Amino acid sequence: MGEPDRRTVRDLRRTNRAALLRRLYFEGPLSRQELGPVTGLSSGSISNVAAELLTEGVLEEAGSVESDGGRPRTLLRVAPHSAYLIGVDVGETGVRVELFDLTLTEVARSEQPLETGRHDVALVVQLVEKGLAALLTGTDLTARKLLGIGVGVPGIVEQRAHGGAVVHGQTVGWDAVPLEALLRASAGLPDGVPLHIGNGAKTLGQAEMWFGAGRGARDAVIALLGSGVGACVVTGGEPYGGATSSAGEWGHTVLTVGGRRCRCGARGCLEAYVGAGAVLERWREEGGEPPGTDQESALAGLLAAESAGGVQGRTAGGVLAATAEYLGAGIADLVNLFNPERIVLGGWAGLLLGPRLLPAVREATEAYALSYPAARTAVELGRLGPDAVTVGAATLPLRRFLDAGGSAPPGVAMSA
Ligand SMILES: [Zn+2]
């Protein structure tokens, strides 16, 4: 009958380690004395747990502060180089692989371009392999100190009991792609390193919640505009997944019955109006001539055309005004459905157009949403920048590490 008790003690120890590590991770450096009130742990527990984590190299001392009339108090923080994480962004225009230290500071990155609109699975797997090799070859990180690899993908991710993550990416032509099995079978994946696959919008949302514009909010929606349009719905501090983890497919909610054709095959989706490609298409239909060879320079051209004024400027202004209204109507749906305290607009196109569109988007949101919740919802821009999907992907192994109280996954050695 000893087993249940031992398990309880082990669980308690892990819970205590996780509580202390989380505080130090997000709010450190802190002294042992400051950790008491914020973790609810006794000073004895804090001493024990801190001593363990210092010995293991997960924590380090970070100087000291004077205390009122007493001895100086030693500050503790997470040791940045005690472990590393990798984030992979399988994006619309390329595959980016980034190596981070434990505090998610970038150590190195590798970018492999992907022909726009061509998400051939074998090619994507090859590019991930290539990116990993570029970062790991010649280092001693393989299975040592590397906590895991997180991969953010454009699609719904189904976690299967056998065979791992399968991706349903309707807009990029991925029909039940067994991405985890394919990546594991590829030679480039280091032995023993955990692999986590998640929806790119959801992982980016997690990153904005932890490190960006969502910090401190319990109920929020991170709304993302790129070629695709998606959202990460956070309720009670946790991302909401739904029955099959596809909740937040905001881009494919209907704005106009029988409206414009969407990449998903349906008609009238929000994405068919405010996705980067859709905005440019509407501009072309009005007689505009998007410059450059990629969507980013073309959208920047739309802003520049408006500033330049004249007939073309009025046309561009009209396209932007319509975009703000469509977007505001879509955000009003989020307000009415989820009653968030904050909506964060991000994604590369959202960040590019946001500074110009935000006042009009807020106005449209108020016009289309119920007034009581709308008046209590802040609509803000994301703070992490357009490249943050890799940071988001790296939060997948990071979350596991924090939940486990700083214990490395089996087979991964931690050393100071
Ligand atoms: Zn759609």
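Look up: the structure comes first, before these words.
Below, the structure is looked at part by part.

**Examining the coordination of the zinc ion**
Surrounding the zinc ion are the protein donor atoms His252 (ND1), Cys262 (SG), Cys264 (SG) and Cys269 (SG), which sit 2.0 to 2.3 Å from the metal. For the zinc ion, all donor residues lie on one chain, and their spacing in sequence is H-x9-C-x1-C-x4-C. Here Cys262 and Cys269 have matching classes, each one buried.

**Considering the packing of helix α6 (residues 200–211) against helix α13 (residues 389–403)**
The relative placement of two packed helices is expressed as an angle between their axes plus a distance between the axes. Packing of α6 against α13 leaves a shortest axis separation of 7 Å and a crossing angle of 75 degrees. Taken together, the axis directions place α6 and α13 in an arrangement best described as roughly perpendicular. Here Gly200, Thr203, Leu204, Gln206, Ala207, Trp210 and Phe211 of α6 come into contact with α13, specifically with Val389, Val391, Gly392, Ala393, Thr395, Leu396, Leu398, Arg399 and Leu402. Broken down by class, the residue content of the contact of α6 with α13 amounts to 10 nonpolar, five polar and one charged.

**Digging into the nonpolar core**
One finds Leu225, Trp250, Leu299, Leu302, Leu327 and Ile331 to be the most contacted residues of the largest nonpolar core, which totals 43 residues. Mapped by element, the contributors of at least two residues to this core are β12 (220–225), β13 (229–235), α7 (271–274), α8 (276–285), α9 (295–308), α10 (310–338), β15 (342–346) and α11 (348–368). Residues contacting Ile331, with those up to four places away along its chain left out, are Trp250, Ile343, Val361, Thr365 and Val379. Counting residues in each nonpolar core, the second largest holds 32 residues, with Leu99, Val128, Leu179 and Leu189 among its members.

**Here we look at the side chain of Thr377**
In this structure, Thr377 sits in the loop between α12 (371–375) and β16 (378–381). What makes Thr377 buried here is its relative accessible area of 12%. Among all residues touching Thr377, those that are not within four sequence positions of it are Val335, Pro340, Glu341, Arg342 and Ile343.

**Notes on α9**
For α9, built from 14 residues, the straight-helix expectation of 20 Å at 1.5 Å per residue is met to within 8% by its first-to-last C-alpha distance of 20 Å. Regarding α9, the residues found buried are Ala298, Leu299, Gly301, Leu302, Leu303 and Ala305. Residues of α9 that are buried in the fold lie against α8, α10 and α11. For α9, the N-terminal capping position is held by Asp294, with its side-chain oxygen 3.1 Å away from the main-chain nitrogen of Glu296. Directly after α9, the chain includes Gly309, whose backbone phi takes a positive value near 80 degrees.

**Here we look at the side chain of His196**
Residue placement: His196 occurs in strand β11 (residues 195–199). Excluding residues that lie within four positions of it along the chain, His196 makes contacts with Ile149, Gly150, Val151, Leu396, Pro397 and Arg400.

**Some thoughts on the sheet that holds β12**
Taken together, five strands build an open sheet; the order of strands is β14-β13-β12-β15-β16 and the sheet is mixed. Looking along the sheet, the strands with just one partner apiece sit at the ends: β14 (238–239) and β16. In terms of strand pairing, β15 meets β16 through four bridges, oriented parallel. Bridged to Arg342 within β16 is Ala378. Across the sheet, α6 lies against β12, β13, β14 and β15, angled at about 50 degrees from β13, the strand it touches most.

Rules of the game
Residues numbered from 1 in each chain as written. Predicted model: local features only at pLDDT ≥ 70, side-chain atom pairs only at ≥ 80, totals over all residues. Heavy atoms only, no water. Donors = N, O, S within 2.8 Å, 3.2 Å for Na, K, Ca; no water. Buried < 20%, exposed > 50% of the residue type's maximum accessible area, 1.4 Å probe, protein only. Axes fitted to C-alpha atoms, helices over the stretch in contact; angles between N-to-C directions. Helix = DSSP H or I, 4+ residues; strand = E, 2+ residues; numbered from the N terminus. Parallel < 35°, antiparallel > 145°, perpendicular 65-115°, else oblique. Contact = heavy atoms within 4.5 Å. Nonpolar A, V, L, I, M, F, W, Y, C, P; charged D, E, K, R; others polar. Core = buried A, V, L, I, M, F, W, Y, C linked by side-chain atoms within 4.5 Å. Expected span 1.5 Å × (residues − 1). Polar contact = N/O pair within 3.5 Å; in protein donor to acceptor, adjacent residues only side chain to side chain. Pairing = 2+ DSSP bridges.

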